[in-house]
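Chains, contacts and geometry: an overview
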Amino acid sequence: MPPAAATKLGYTPPDGGWGWAVVFGAFISIGFSYAFPKSLTIYFKEIQEYFSVSYSEIAWLSSVMLASMYAGGPVSSVLVNRYGSRPVVMVGGVMVSAGMVLASFGRTIMHLYLCVGLIGGFGLAFNLQPALTIIGTYFQVKRPLANGLAMTGSPVVLFTLAPLNQFLCDTFGWRGSFLILGSIVLNCCVAGALMRPVNKNVRPKPTTEPPECNGEATEKAATADTSAQSANLLTEANQDEIKSQGCVHKFIDLSLFKHRGFLIYLIGNIVMFFGFFAPVVFLAPYAKHQGIDEYSAAFLLSIFALVDMFIRPATGLLGNTKWIRPRIQYFFSFAVLYNGVCHLIFPLLPGYVGMVVYAVFFGLAFGMLSALLFEVLMDLVGPQRFSSAVGLVTIIECGPVLLGPPLSGALVDIFKDYKYMYYACGVFMLVPGIYFFIMHYYNYKKLDEERRHSVVVEIRTCEEAVQLKMSQDGKTGHETDG
Amino acid sequence: MNLLWAVSALLLSCWRANASTAPNIITEPSEVSNQTSAVLSCNLTESSLPIKGSHWIHNGKVIEKSKSGDTTPYTILRLDKITHNSGGKYECVFLTDPEVKQTIEVKTLPHVAAYKHSEHGNEKDIGAMVCVSHGYPLPTDWTWFKEEDGAQTPIINGTTDKYEIKSTPNKTTLTINDLSIENDIGDYICSGTNELGTTSDKIHLRVRSRLAALWPFLGIVAEVIILVTIIFIYEKRRKPDEITDGSAPLKSNSTENNKDKNVRQRNSN
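Just so it is clear, the model here is predicted, and its values are computed rather than measured.

1. Quick word on the pairing of strand S12 (residues 141–148) of chain B
Residues and elements named next belong to chain B. Bridge analysis of S12 against strand S16 (residues 186–193) gives six bridges, and the strand direction is antiparallel. Counted as the bridge partner of tryptophan 144 is cysteine 190 from S16. Direction of pairing for S12 relative to strand S13 (residues 151–155): antiparallel, over a ladder of five bridges. Note that in S13 the partner of glutamate 147 across the bridge is glutamine 152. Hairpin connection from S12 to S13: two residues lie between these consecutive antiparallel strands, with aspartate 149 at a positive phi of about 55°.

Written as structure tokens, this is what we have:
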């Protein structure tokens, strides 16, 4: 519910201006966070030969990096709550850079796990959370668009890094490439520098809600002084509230587990993530299994990435429209459902043309889902608690994200056919989709009820405040008289 | 007595009949060596067993096109162009009960190919070069040469720590330790020898300087530092302006705003 969340902020987000520079910074941070582990797979063959290890041992590198990135979520949230986004992103950038530079001097595979996997992964976690959080502080009205644009970073950076990594690998070998990648990733510090903390002293613009209380008060109040006095009475009470909230917000906000919307999101996401990444991972192998040559199989992935790249900002724009914004949770549920349907239909599509059609529709579905993934969380918990929320969500999602592809791989090995894996992934996305629809319908009803209730209470409090002022006027009148 | 003679004569003739009617395949030629094309033929003699058909097997795999249902005891296989791929063991199989077959070996020169014709190594690091061979028979000997000023100097395993050669019949690896830019850049030749002859292939080794990657690294780090500095300076310049802009409106409208904010904040909790 955007209106309720906005009033909790205590200021009006700029919704533009420097915000677009922040979106660009977030674009780079998010892009590196998601695309970097995936693009490192290009070096695996050379590193595997150099250290004489098996493919599964080298694949652990990606897993360790991804695991650290998700596990570092809560740590990142705590730091963002304490220090704000900018220092955390810059430290994160330096960490990944240091990890890569150290790795370029590595003598054993364990050295690589530690430097690239652990340090690099944590550094990327320090990039991801703050980037998402700061968008919430800068945007309110245009937030879905800003989120959609920022999440586009992932496919764009992947698209750029993949051929670049190939070129670096051929020219400099893996050691030199890791050194150069260490410097490229340092650009996250530039992104962090752009993430200026939002100016909270700006006068709020006229809001859409009718200032009913204000109007009544000015009608009945005699002077501006008395209204200031009553305002001061109310301000003191509020300041205590803010202080107590501040103590909690210094660390992680565990009261989120009592938040209805957050719980709905969390439970749905845990199931959904089992089937989220596996279809992407297995697209090319499935194509090759069907007898399609390597280049056409790789081309499928390119189509997927290209569609993904364009659909993310488009989804952001769509989510921003006045028809969808108030009910954006339904849009998200639709995206999840659509993903599930895509996977279920895929094994039935014949030939290479069928695969291309699937790649296009899956790209659409994946992009829609990714663009909305964090926007709906922000919508549910509000920008102030978002940082803690995203930290908790990522560490709990760690499990399904890491288990998903190996489980799917096991399904493929057992049945010797990819279609059962796609059916399973389809179910893993269909069920949460339906669940989200039902739960959010219930949630919206409850929120509407609460809002109606709070409006009634507001009117009552206004009347009390007016009465208080009137009694004070009476007192001052007595004082001036006597 | 006569009965005994008759029985023994019968037994002897039976035995001799068995021996003389044991299926025998005459192959023509018995072996193919270093030819560009050949016609392999198998002639099944001295067999009274019915023949249901015949086919040929190459290196354990049945050649689909050679399958025939002819009941003739004669089958041929044409090899129009013999390359290293078509070399190997050919078996002609007659579908009798039980099956009878005979092997013809087709031998070619070894086909030696390098994994990569251009290899990279880092200075003071390890460089590895690999050559593989296909064909039949596989090389029994592998030798490595370094090309220097047009002449080929052989590299002998075990004499120095610098060179290490590991060879199996189908693959050979030359590992050079402690690469140096002056000495180790150049062409290396791997050659494989089998009973028919020798073939070789060339690999060019490039040694990258340790500092090669350092310049782009320093360049990008410099770019990052410059950008961050520019952004911070821009911000410091703008900050005093923003503070004066913010404070002026606060003085006039603060009361109204505070009331709005406070009332709403209280009620929404």
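Back to the text.
2. Side note on the environment of B:Ala212
Residues and elements named next belong to chain B. Position of alanine 212 among the secondary structure elements: in the loop between strand S17 (198–208) and helix H3 (214–268). Overall, alanine 212 belongs to the partly exposed group, its relative accessible area being 29%. Each C-alpha atom of the pair alanine 212 and glycine 69 lies 67 Å from the other, and the pair is 143 residues apart in sequence.

3. A few points about the sheet that holds S12(B)
All names here are of chain B. The strand order S10-S17-S16-S12-S13 describes an open sheet built from five strands, whose pairing is mixed. Since the sheet does not close on itself, it has two edges, and those belong to strand S10 (118–122) and S13, each with one partner. Shown here is a sheet whose adjacent strand axes are inclined to one another by a mean of 35°, direction ignored. Where S16 meets S17, eight bridges bridge the pair, whose relative direction is antiparallel.

4. Considering the packing of helix H2 (residues 18–39) of chain A against helix H7 (residues 109–138) of chain A
Residues and elements named next belong to chain A. Two elements in contact, H2 and H7, have axes whose closest approach is 9 Å; the angle formed by their N-to-C orientations is 150°. By the angle between their axes, H2 is roughly antiparallel relative to H7. Classified by chirality, the crossing of H7 by H2 is left-handed. When H2 is examined against H7, the residues Trp18, Gly19, Val22, Ala26, Ser29, Ile30, Phe32, Ser33, Tyr34, Phe36 and Pro37 are found in contact with a partner set consisting of Leu124, Asn127, Leu128, Ala131, Leu132, Ile134, Ile135 and Tyr138.

Conventions and cut-offs
Residues numbered from 1 in each chain as written. Chains lettered and ligands numbered in written order. Predicted model: local features only at pLDDT ≥ 70, side-chain atom pairs only at ≥ 80, totals over all residues. Heavy atoms only, no water. Pairing = 2+ DSSP bridges. Helix = DSSP H or I, 4+ residues; strand = E, 2+ residues; numbered from the N terminus. Buried < 20%, exposed > 50% of the residue type's maximum accessible area, 1.4 Å probe, protein only. Axes fitted to C-alpha atoms, helices over the stretch in contact; angles between N-to-C directions. Parallel < 35°, antiparallel > 145°, perpendicular 65-115°, else oblique. Left-handed = near helix turned anticlockwise from the far one by under 90°. Contact = heavy atoms within 4.5 Å.

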